[in-house]
Amino acid sequence: MAAQDALTEEQLEALLGAVSTRGVTGRRNLALLTLMADSGLRLAEALALTTLDLVREGKVITQARVRCGKGGKRADVTVTARAAARLDRWLADRQAAGLCAGPVFCTMSQGRATGYAEGSQLAPGVALNPRYIRDVVARAAERAGIATRVTPHTLRHTFATHLLRQTGNLELVRKAMRHARVTTTAAIYSHLVGRDVEEAVRALRAPGLAAAPETPLDPMAAFVATLSPEQRAAFAAALAAG
């Protein structure tokens, strides 16, 4: 999945709007997709969340604790106001069904499954199967009239793309995406900041960059100015590869 595959703001709203909330499973699915779109969570990370991983300030959900992210890393991820509101609505449905502790995003049905899990038995409170969510996203994208292929990971790229376009700050996006190195972030998303990348490439070729510039550098070039020659070479390679 490349950053170019990210959804526009309009497409994202259309996708979320295409998830029916007339039933409890629809409200669950909307809460899940909104959380992923607004926080950049990977699907596996979102489905691994338990009710104890939702952190509240007062009565408001403010963070989700990722206990085992990529590479086994732990992280506290910010939950937006709209994601918190949709989570609360789903959690109320979940509690009304007699489900307390356990996976946040869980099954609600009892009986024999159909579709991809045909032949197996369903029971309330079991963590959702990733294949089910991939199908939910694909069907919502079709209803929203989005012609390109959309997967749950598209939501993560969409989050990063919108954050980078809003801030122009690769290091901030790196932290939000929980990448180990900024060069990883740059290789995927640097083309989105247009002028900043052009300035960074020029700065990489400037022999006297270490000296104080006569005119202020933009954020990207300022970041490059802090790198060692070896780091600049690696960063340039990442830009070229991206």
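Scope of this entry: the structure provided in the associated data block. (Residues numbered from 1 in each chain as written. Predicted model: local features only at pLDDT ≥ 70, side-chain atom pairs only at ≥ 80, totals over all residues. Heavy atoms only, no water.)

1. Overview of the sheet that holds strand 3 (residues 75-78)
Moving on, step 1. Strand order across the open sheet formed by three strands is 1-2-3, with antiparallel pairing between neighbours. Looking along the sheet, the strands with just one partner apiece sit at the ends: strand 1 (54-57) and strand 3. Recorded for the sheet is a direction-independent mean angle of 35° between the axes of neighbouring strands.
Moving on, step 2. When strand 2 (residues 60-66) meets strand 3, the two strands line up antiparallel, connected through four bridges. Each residue of the ladder has a partner; that of Gln63, found in strand 3, is Thr78. (Pairing = 2+ DSSP bridges. Helix = DSSP H or I, 4+ residues; strand = E, 2+ residues; numbered from the N terminus. Axes fitted to C-alpha atoms, helices over the stretch in contact; angles between N-to-C directions.)

2. Quick notes on helix 2 (residues 24-39)
Moving on, step 1. Over its 16 residues, helix 2 extends 22 Å from the first C-alpha to the last, a length consistent with the 22 Å expected when each residue adds 1.5 Å.
Moving on, step 2. With 14 of 16 residues buried, helix 2 is to be regarded as a mostly interior element. (Expected span 1.5 Å × (residues − 1). Buried < 20%, exposed > 50% of the residue type's maximum accessible area, 1.4 Å probe, protein only.)

3. Notes on the environment of Leu54
Moving on, step 1. Inspection of the secondary structure puts Leu54 in strand 1.
Moving on, step 2. The class for Leu54 is buried, based on a relative accessible area of 13%.
Moving on, step 3. Along the chain, Leu54 and Asp76 lie 22 residues apart, while their C-alpha atoms are 9.6 Å from each other.
Moving on, step 4. Not counting residues within four places of it along the chain, the set of residues in contact with Leu54 comprises Ile61, Gln63, Ala64, Leu91 and Val104. (Contact = heavy atoms within 4.5 Å.)

4. Some details on the pattern of salt bridges
Moving on, step 1. Per the counting criterion, the structure on display carries nine salt bridges.
Moving on, step 2. Linking Arg139 and Asp135 is a salt bridge whose minimum nitrogen-to-oxygen distance equals 2.8 Å. Linking Arg139 with Asp135, this pair stays in helix 5 (residues 130-143), spanning four residues, or about one helical turn.
Moving on, step 3. Accessibility expressed as a relative area gives 38% for Asp135, which makes it partly exposed.
Moving on, step 4. A salt bridge links Arg174 to Glu171; the shortest N-O distance between them is 2.9 Å. Of this pair, Arg174 and Glu171 both sit in helix 7 (residues 170-177), separated by three residues, roughly a single helical turn.
Moving on, step 5. The class of Arg174 is buried, set by a relative accessible area of 16%. (Salt bridge = Lys/Arg side-chain N within 4 Å of Asp/Glu carboxyl O.)

5. Considerations on the packing of helix 2 against helix 4 (residues 81-96)
Moving on, step 1. For the pair helix 2 and helix 4, interaxial distance at closest approach is 8 Å and the crossing angle is 150°. When the axes of helix 2 and helix 4 are compared, the pair comes out roughly antiparallel. As helix 2 runs across helix 4, the sense of the crossing is left-handed. Across the interface between the two elements, Val24, Arg27, Arg28, Leu30, Ala31, Thr34, Leu35 and Asp38 of helix 2 pack against Arg82, Ala83, Arg86, Leu87, Arg89, Trp90 and Asp93 of helix 4.
Moving on, step 2. When its residues are assigned to classes, the contact of helix 2 with helix 4 shows seven nonpolar, one polar and seven charged. (Parallel < 35°, antiparallel > 145°, perpendicular 65-115°, else oblique. Left-handed = near helix turned anticlockwise from the far one by under 90°. Nonpolar A, V, L, I, M, F, W, Y, C, P; charged D, E, K, R; others polar.)

6. Here we look at the pairing of strand 2
Moving on, step 1. Bridge analysis of strand 1 against strand 2 gives four bridges, and the strand direction is antiparallel. Counterpart to Glu57 in the pairing with strand 2 is Val60.
Moving on, step 2. In this structure, the hairpin formed by strand 1 and strand 2 is closed by a connection of two residues, where Gly58 is found at a positive phi of approximately 70°.

7. Notes on the side chain of Asp53
Moving on, step 1. Mapped onto the fold, Asp53 is located in the loop between helix 3 (43-47) and strand 1.
Moving on, step 2. Using a relative accessible area of 5% as the deciding quantity, one classes Asp53 as buried.
Moving on, step 3. Here Arg67 takes part through its side chain, which lies 2.8 Å from a polar atom of the side chain of Asp53.
Moving on, step 4. With residues near it in sequence (within four places) discarded, Asp53 still touches Ala48, Gln63, Ala64, Arg65 and Arg67. (Polar contact = N/O pair within 3.5 Å; in protein donor to acceptor, adjacent residues only side chain to side chain.)

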